[in-house]
Amino acid sequence: MTVHLEVAEGVGTLRLERPPMNALDVATQDRLKELAEEAARREDVRAVVIYGGEKVFAAGADIKEMQAMDHAAMVLRARALQDSFTAVARIPKPVVAAVTGYALGGGCELALCADYRIAGENAKLGQPEILLGLIPGAGGTQRLSRLIGPSKAKDLIFTGRQVRADEALALGLVDRVVPVGEVYAQAHAWAAKLAQGPAIALRAAKESVDTGLETDIDTGLAVERNWFAGLFATEDRERGMRSFVEEGPGKAKFL
């Protein structure tokens, strides 16, 4: 298999393993969707790390495979391509991308599906599809512009240029840059900390933010309001408030 789901300490690691560059062929896309949906369902998975190994995150689509596809074939495939990435973006739990080496094209689009991105000092990110006479097709035109703003996204998409970790950090494309050997450990620590948190409240927070970015503010506020009130019916809310009153802030145990 080209993607594996490994679970430890409440953290599920979606690991890409298709040497040498983790090219995202059709089989890998389909497997990614299958395992993202599994991670979303499993109660023992409370947060997720996406990781490609120490050398490369994912260098993009399998160009040789795509070259053999004509218009009719891609009309049939394009939705499945997007659906595989959307399955990652819709995991109702905190998701962090641990990015080392190349994260280009589909690799960059996969990182965009995470809630947070930790990059190694050797990372290079970009959307080079324009150099193939194409545009990003797995969500890049939408998620990148929402993350860093339309003008910066257009610069990357129009030119197809790659950005190093320091520029990616300045653009807001990644959230933290660390030595290569620490990327996975720091990503796992971020996820493990949140895996100890109130699962339903974290789900509510993620859905409220994501829905708000996709719609008008009144709809976003309605989603927030409904979740906020609904959380008063949860055991975690009772535990969190009781701990605050009796012990002070930040000491509640939610597991």
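You'll find the structure just up there.
Cut-offs and rules
Residues numbered from 1 in each chain as written. Predicted model: local features only at pLDDT ≥ 70, side-chain atom pairs only at ≥ 80, totals over all residues. Heavy atoms only, no water. Buried < 20%, exposed > 50% of the residue type's maximum accessible area, 1.4 Å probe, protein only. Helix = DSSP H or I, 4+ residues; strand = E, 2+ residues; numbered from the N terminus. Pairing = 2+ DSSP bridges. Right-handed = clockwise from strand over helix to strand, strands pointing away. Phe/Tyr/Trp six-rings, centres within 6.5 Å; stacked < 30°, edge-to-face > 60°. Arc of directions from axis to C-beta. Contact = heavy atoms within 4.5 Å. Core = buried A, V, L, I, M, F, W, Y, C linked by side-chain atoms within 4.5 Å.

**Student:** Any chance you could break down the pairing of strand β3 (residues 47-51) for me, citing the residues and the numbers?
**Tutor:** Burial analysis of β3 places five of its five residues in the buried class, the great majority of the element. Burial along β3 is two-sided: the residues Ala47, Val49 and Tyr51 and Val48 and Ile50 are all buried. The sheet contact formed by strand β2 (residues 11-16) and β3 spans five bridges and is parallel. The residue of β3 that forms the bridge with Thr13 is Val49. Taken together, β2, helix α1 (residues 26-41) and β3 form a β-α-β motif whose crossover is right-handed.

**Student:** Explain the packing of aromatic side chains to me, using residue names and the numbers behind them.
**Tutor:** The full count for this structure, using the stated rule, is three aromatic pairs. Taking the centre distance of 5.0 Å and the plane angle of 5° together, the rings of Tyr116 and Trp190 count as stacked. Residue Tyr116 is located in strand β6 (residues 116-120), and its partner Trp190 is located in helix α8 (residues 183-195); the two are separated by 74 residues in the primary sequence. Summarising the aromatic geometry, the rings of Phe228 and Phe232 are spaced 5.6 Å apart at their centres and angled 75° between planes, so their arrangement reads as edge-to-face. Taking relative accessible area as the criterion, Phe228 reaches 56% and is therefore assigned exposed. A relative accessible area of 38% places Phe232 in the partly exposed class.

**Student:** Outline helix α5 (residues 140-148), supporting the account with residue identities and numerical values.
**Tutor:** Those residues of α5 that fall on the buried side of the exposure criterion are Gly140, Leu144 and Ile148. One side of α5 carries all its buried residues, which in axial view fall inside an arc of 20°. Tucked inside the fold, the buried residues of α5 contact α4 (106-112), α6 (150-159) and α7 (165-171). Directly after α5, the chain includes Gly149, whose backbone phi takes a positive value near 95°.

**Student:** Break down the nonpolar core for me, with residues and values.
**Tutor:** Ranked by internal contacts, the top residues of the largest apolar core, which has 45 residues, are Phe57, Val88, Val99, Leu110, Leu125, Leu144 and Leu173. Of all the elements, helix α3 (residues 71-89) adds the most residues to this core, at five residues. Counting 14 residues, the second-largest nonpolar core is a separate cluster that includes Val11, Ala47, Val96 and Ala191.

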